[in-house]
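As a plain string of letters, each chain reads:
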Amino acid sequence: MKFAKLAVILSMPLLVSGIAQAKDLKIGLVLTASGHFAVPGTQILHGVETYMRLHGDTVAGRKIVLVVKDAGGMKPEVAKRLTQELLVQDKVDILAGYVLTPNLMSSAPLATATKTPLVDMLAATSSITEKSPYIVRTSFTMQQSAWAMAKWAYDEGIRTAYTLASDYSAGHDVQQEFASVFAAAGGKIVGNVFTPVDTIDYTPFLQRVKDSKPDAIYTFAPPGSNIPTLIKNMKALGFADAGIKILGEGDVTAENQLAATGDAAIGVVTSFHYSDAHDSAINKEFVKNFRSHYPDRRPDFAAVGGYDGMHLIYEVLKKTGGDASGDKFIATAKGMKWEGPSGPVEIDVMTRDIIHNEYIRRVEKVDGELKNVEFKTFEAVKDPGKE
């Protein structure tokens, strides 16, 4: 409800005045505010708002106006319709947000047809940037974290693994990358299973994993799915006692999942580009501002995708003098570098994907709060899916 009310409030100036002032720059955010994926959608919005609080609402002489739309979940046709509304009715200058890959994929042709920049703040399937020359990514790709974990796992002496991932494009990306890199290093995948995104109980799938007696399980499920149950089911089945290490892509220990997962998450090792425990001045400022305004939430990778997305938009506009036209925006965005809450990042000149560090993290209790504590870094990781 809060999200929906905010969307209305943000749009009110447009309704009251009829049209925005010429200098206003409108950003259309297609997010999710309801259903299983409300949390990551809200996180993106809060990350955007945090950036604007810290850096102002005007850049290159243009006032930033947000127009927020709720796709309501994994609904590509709805997302496409909302994107068309933003372009035709709201006349936005920039498209952004997009929590889920199917929603963004359905909207990509509209960005191409209208030559409108589209900033992907979360959707993580590798091929997204190939769907339109006007897409630039400030989130991540599944392959980046899967590649890092496969490298680390083999180096740590893990020789057999079972993979479990949600059954949609991002899940297939993460499973295939981990399996190929792990096997190339000399490891063996003893089994894999794809589970429905809305799985309620993972026990039947996990029992098959335990019976295979691998050295480790590598898991992925998206935020908003039943991740706490996934981790708790592994604990209940005695994976640790059976000597099965629990490894995962970073979504499975995302900050806003940890409270619900509880101590069952302690010891889970994941690879990812962001932890709210990351030790840098920029991240500390980001976390402090975020938590002071949203005390019931912790910033996670989705919030950072929104924050970095706004940084990219602001910096591009500074260089173009406020010109957000598609070709100029994308040409300026390519190769851009900065330090964000996750560390140093860069937009790949060739692919328009983000290049960033991948951290190996272990869930630990720090000052009474569960944290993803980083202990190894793979620097400047490109999307392996395009190499």
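Residues numbered from 1 in each chain as written. Predicted model: local features only at pLDDT ≥ 70, side-chain atom pairs only at ≥ 80, totals over all residues. Heavy atoms only, no water.

Novice: Please set out the sheet that holds strand E2 (residues 58-59) residue by residue, giving values where relevant.
Specialist: Ordered by their spatial adjacency, 6 strands build an open sheet running E2-E3-E1-E4-E5-E6, and the pairing between neighbours is mixed. Looking along the sheet, the strands with just one partner apiece sit at the ends: E2 and strand E6 (135-137). Of the strand pairs in this sheet, strand E1 (residues 25-31) and strand E4 (residues 94-97) are connected by 4 bridges, and their pairing is parallel. Residue pairing for E4: Val30 is matched across the bridge by Gly97. (Pairing = 2+ DSSP bridges. Helix = DSSP H or I, 4+ residues; strand = E, 2+ residues; numbered from the N terminus.)

Novice: Can you tell me about the side chain of Asp353, naming the residues and giving the values?
Specialist: Positionally, Asp353 belongs in the loop between strand E13 (343-347) and strand E14 (354-366). Of the polar contacts made by the side chain of Asp353, one reaches the side chain of Lys386; its length is 2.7 Å. If we skip the residues at most four places from it in the chain, Asp353 touches Thr129, Arg137, Thr141, Glu346, Ile347, Asp348, Asp383 and Lys386. (Polar contact = N/O pair within 3.5 Å; in protein donor to acceptor, adjacent residues only side chain to side chain. Contact = heavy atoms within 4.5 Å.)

Novice: Account for the packing of aromatic side chains, naming residues and giving values.
Specialist: Tallied over the entire structure, the rule returns 15 aromatic pairs. For the pair Tyr168 and Phe220, a centre-to-centre distance of 6.3 Å together with 35° between the ring planes defines the contact as tilted. Taken as a pair, Tyr168 in the loop between strand E7 (160-166) and helix H6 (169-185) and Phe220 in strand E9 (residues 216-220) lie far apart in primary sequence, 52 residues in all. Phe220 gets classed as buried once you look at its relative accessible area, which sits at 2%. Between the aromatic rings of Phe178 and Phe182, the centroid separation amounts to 5.4 Å while the plane-to-plane angle is 15°, which identifies the pairing as stacked. Remark: Phe182 and Phe178 occur in helix H6; sequence separation between them is 4 residues, near one turn of the helix. Accessibility expressed as a relative area gives 1% for Phe178, which makes it buried. Judged by its relative accessible area of 0%, Phe182 falls in the buried class. Clustering of aromatic rings is evident, with ring pairs tying together Tyr51, Tyr274, Phe286, Phe290, Tyr294, Tyr307 and Tyr314. Arg362 extends its terminal NZ or CZ atom over the ring of Phe375, reaching a point 4.4 Å from the ring centre. (Phe/Tyr/Trp six-rings, centres within 6.5 Å; stacked < 30°, edge-to-face > 60°. Buried < 20%, exposed > 50% of the residue type's maximum accessible area, 1.4 Å probe, protein only. Lys NZ or Arg CZ within 6 Å of the ring centre and 35° of its normal.)

Novice: Lay out the environment of Asp348 with the relevant residues and their values.
Specialist: Inspection of the secondary structure puts Asp348 in the loop between E13 and E14. Judged by its relative accessible area of 10%, Asp348 falls in the buried class. Residue contacts for Asp348: discarding those within four places in its chain leaves Asp353, Ile355 and Lys382. At 3.3 Å, the side chain of Asp348 forms a polar contact with the backbone nitrogen of Thr351.

Novice: Go over the side chain of Thr141, please, and point to the residues and values.
Specialist: Mapped onto the elements of the fold, Thr141 is located in the loop between E6 and helix H5 (142-155). Residue classification places Thr141 among the buried positions, given a relative accessible area of 1%. Residues in contact with Thr141, not counting those within four places in the same chain, are Ala124, Ser126, Asp353 and Asp383.

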